[in-house]
Amino acid sequence: MASLSIDRRDRCHRDDVRAFTVGVEEEFVLVDLATGRPSLTNTTVAAAETDTALQLELSQCQIETCTPVCASVEAVHREVRRSRIAVIDAAASSGSFPLAVGVPIWGPPAGSITGTPRYQRIARYFGAPADQVTCGCHVHVCVPDRDLAVQVSNHLRRWLPALLALTANSPIAEGVDTGHASWRHIMWARWPSSGPPPYFRSAAHYDDIVARLARDGQILDPAMVYWDIRLSAHLPTIEVRISDVPATAMETTLLASLVRGLVITSVAAIGRGHFAVPVPRSHLRSACRYAARVGLSSTRFPTALAGRREGRRALARLLCHVRPALEESGDYEFTRDALATVLTSGNGADRQRRALLAGGPEKVIDVLSRLTAEGVEADDFRRGKVTRPTSPERAGG
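As the structure is a computational prediction, the values presented were derived from the model and not from experiment.

A. Molecular detail of the overall build of the protein. Looking only at helices and strands, one finds 14 helices and 11 strands in the protein. Looking at the protein as a whole, 59% of its 397 residues are labelled buried. Restricting to contacts in the protein with at least 6 residues of sequence separation, those with at least 24 account for 77%. Accessible surface, the protein as shown: approximately 15,700 Å² in total, 51% of it carbon and sulfur.

Set out below in structure tokens:
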């Protein structure tokens, strides 16, 4: 098993840290530029000529972007911004706009499943759980040794509630506040293979559980392993999937930096012979559900090991935990400052709720469109002016 030691007395070389390359996938809701309602145009958007790969998702109003493999958090930020520019441009050609939001403010018509054979098969087999729109952000970090990767998964499990609370971005559905900062997390739980991953003894144990899910009809293929952390079925990576798609490119980069720092820190601990505490899945589910409800809005914060602790202290603990790895990679100052920004201005859920109180669902869509494009409109890759959905305020209504 590979080992890596990172602490203040025994620093690794930066080149070793940069071997933990990162890729980010973001899912977006396509909305009509004139109405702000879901636009069932993902096949047209995906077919647009761009320099970024655009992928179809389960609903016709969803589209996914994928960054290239990145060796640094700076590169992640650049590529996430470039991906958002590409999907904004591609969507504009079909009269739509991609919103970075965990669930649509207004849902699409029932049965709006993308017409690929796989998605149609999923819809026929699973029924109602397939007929929902949820958009997440998936962070891949390179860990090519699968036995090491499952041990990393064991270490990361206890941080899932914190990552979810930090990035919650789906409090509103059908125009009303759901009472949850991440309604996406609640909806996603309807999939039988969702939730925190089991505690794994080995890669063989991981494969046995996946095989059992298939035998029991809980998944149709390995890509339907929807755990919050999983080993990629086709890449040498560990994939963290707990988060709503963050509202801004900066927040997505913050998430990627924290996840990468957690992976590097976990590998270092494993190399020193420190293995993760086997937190029961029931505890993790409870803590994640609490995180989905309160996000950052509560003075109390969910953790898997110690009940609820004061929010800023819990996030400071997370940052402290990964600080040696982030300092070695040169990403600590960015991560610290970005986290401070989110704690000051709020995450996507906080901003949506403020917009809902200020101007109703139309104002929420207006704010989300601005946040989706925040930090990308002046980018060097920009090919034209960003066009965002019309709101009564901008239209003079």
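On we go from here.
B. Representation of the layout of surface pockets. Taken as a whole, the largest pocket holds about 600 Å³ of empty space. Lining the largest pocket are 29 residues, with Glu57, Arg118, Tyr119, Ala223 and Arg230 positioned closest to its centre. For the lining of the largest pocket, the secondary structure elements donating two or more residues are β1 (22–32), β2 (54–56), β3 (62–66), α4 (117–126), β5 (136–142), α7 (183–188) and β9 (237–244). Here the lining of the largest pocket is built from residues that sort into 11 nonpolar, 9 polar and 9 charged.

C. View of the pattern of salt bridges. In this structure the tally under the stated criterion is 15 salt bridges. For the salt bridge of Arg84 with Glu26, the shortest nitrogen-to-oxygen distance reads 2.7 Å. Of this pair, Arg84 sits in helix α3 (residues 73–92) while Glu26 is found in strand β1, placing the two residues 58 residues apart along the sequence. Since its relative accessible area comes to 0%, Arg84 is described here as buried. For Arg118, the salt bridge identified is with Asp221, shortest N-O distance 2.7 Å. Of this pair, Arg118 sits in helix α4 while Asp221 sits in the loop between α8 (203–215) and β8 (229–231); the two residues are 103 residues apart in sequence, bridging distant segments of the chain. A relative accessible area of 32% places Arg118 in the partly exposed class. Shared partners join several salt bridges into a network, and the residues in it are Arg78, Glu79 and Arg82.

D. Focus on the nonpolar core. With 75 residues, the main nonpolar core has Leu163, Trp191 and Val263 as its most contacted residues. With 11 residues, helix α9 (residues 249–271) is the largest single contributor of residues to this core. Ignoring any residue separated from it by four or fewer positions in sequence, one finds Trp191 in contact with Leu58, Ile122, Phe126, Pro129, Ala130, Gln132, Met224 and Tyr226. By size, the runner-up hydrophobic cluster in this structure holds 34 residues, among which are Phe28, Leu99, Val133 and Val245.

E. The arrangement of the packing of helix α5 (residues 146–156) against α8 in detail. Contact geometry of α5 with α8 gives a least axis separation of 8 Å together with a crossing angle of 75°. The orientation of α5 relative to α8 falls into the category roughly perpendicular. From α5, Arg146, Asp147 and Val150 reach across to α8, where they touch Ala203, Tyr206 and Asp207. Of the residues assigned to the contact of α5 with α8, the class counts are 3 nonpolar, no polar and 3 charged.

F. Structural detail: the confidence of the model for the protein. Across the protein, the average pLDDT comes to 89, with 88% of residues at 70 or higher. Segment residues 1–13: pLDDT under 50, and 35 contacts once partners within four positions in sequence are set aside and those in other chains are kept.

G. Expanded view of α5. Counting buried residues in α5 gives 9 out of 11 residues, a clear majority hidden from the surface. Taken together, the buried positions of α5 are occupied by Leu148, Ala149, Val150, Gln151, Val152, Ser153, Asn154, His155 and Leu156. The opening residue of α5, the one whose side-chain oxygen lies 3.0 Å from the backbone nitrogen of Asp147, is Asp145.

H. Region of interest: the side chain of Glu239. Tracing the backbone shows Glu239 in strand β9. A distance of 2.7 Å separates a polar atom in the side chain of Glu239 from a polar atom in the side chain of Arg230. At a separation of 3.0 Å, a polar atom in the side chain of Glu239 contacts the side chain of Arg241. Non-local contacts of Glu239, meaning those with residues more than four positions away in its chain, are made with Glu25, His138, Val139, His140, Asp228, Ile229 and Arg230.

I. Summary view of the environment of Leu339. When you line up the elements, Leu339 lands in helix α12 (residues 332–345). By relative accessible area, which is 6% here, Leu339 ends up buried. Considering only alpha carbons, one finds Leu339 and Leu254, 85 residues apart in sequence, at a separation of 7.1 Å. With residues near it in sequence (within four places) discarded, Leu339 still touches Leu166, Leu254, Leu315 and Leu319.

J. Structural view of the pairing of β3. Counting buried positions along β3 yields 4 of 5 residues, so the element is predominantly enclosed. Judged from the 5 bridges that link them, β1 and β3 form a sheet pairing that is antiparallel. By the bridge assignment for β3, Glu26 is matched with Thr65. Examined bridge by bridge, β2 and β3 share 3 bridges and lie antiparallel to one another. Bridging across to β3, Leu56 finds its partner in Ile63.

K. Examining the packing of aromatic side chains more closely. Counted by the stated rule, this structure contains 8 aromatic pairs. Plain terms: the ring middles of Phe200 and Trp227 are 5.6 Å apart, the flat faces sit at 50° to each other, and that makes the pair tilted. Taken together, the residues Phe200 in the loop between α7 and α8 and Trp227 in the loop between α8 and β8 connect sequence positions 27 residues apart. No difference in accessibility class separates Phe200 from Trp227, as the two residues are buried. Grouped by ring-pair contacts, the aromatic residues Tyr125, Phe126, Trp188, Trp191 and Tyr226 constitute a single cluster.

How each quantity is defined
- Residues numbered from 1 in each chain as written.
- Predicted model: local features only at pLDDT ≥ 70, side-chain atom pairs only at ≥ 80, totals over all residues.
- Heavy atoms only, no water.
- Helix = DSSP H or I, 4+ residues; strand = E, 2+ residues; numbered from the N terminus.
- Buried < 20%, exposed > 50% of the residue type's maximum accessible area, 1.4 Å probe, protein only.
- Contact = heavy atoms within 4.5 Å.
- Areas by Shrake-Rupley, 256 points an atom, 1.4 Å probe, with all protein chains shown as cover.
- 1 Å grid on protein atoms, 1.4 Å probe; cavity = no way out; pocket = protein on both sides within 12 Å on 5 of 7 lines; lining within 4 Å.
- Points joined across faces, edges and corners; volume = space filled by probe spheres on them.
- Nonpolar A, V, L, I, M, F, W, Y, C, P; charged D, E, K, R; others polar.
- Salt bridge = Lys/Arg side-chain N within 4 Å of Asp/Glu carboxyl O.
- Core = buried A, V, L, I, M, F, W, Y, C linked by side-chain atoms within 4.5 Å.
- Axes fitted to C-alpha atoms, helices over the stretch in contact; angles between N-to-C directions.
- Parallel < 35°, antiparallel > 145°, perpendicular 65-115°, else oblique.
- pLDDT = per-residue confidence, 0-100.
- Polar contact = N/O pair within 3.5 Å; in protein donor to acceptor, adjacent residues only side chain to side chain.
- Pairing = 2+ DSSP bridges.
- Phe/Tyr/Trp six-rings, centres within 6.5 Å; stacked < 30°, edge-to-face > 60°.

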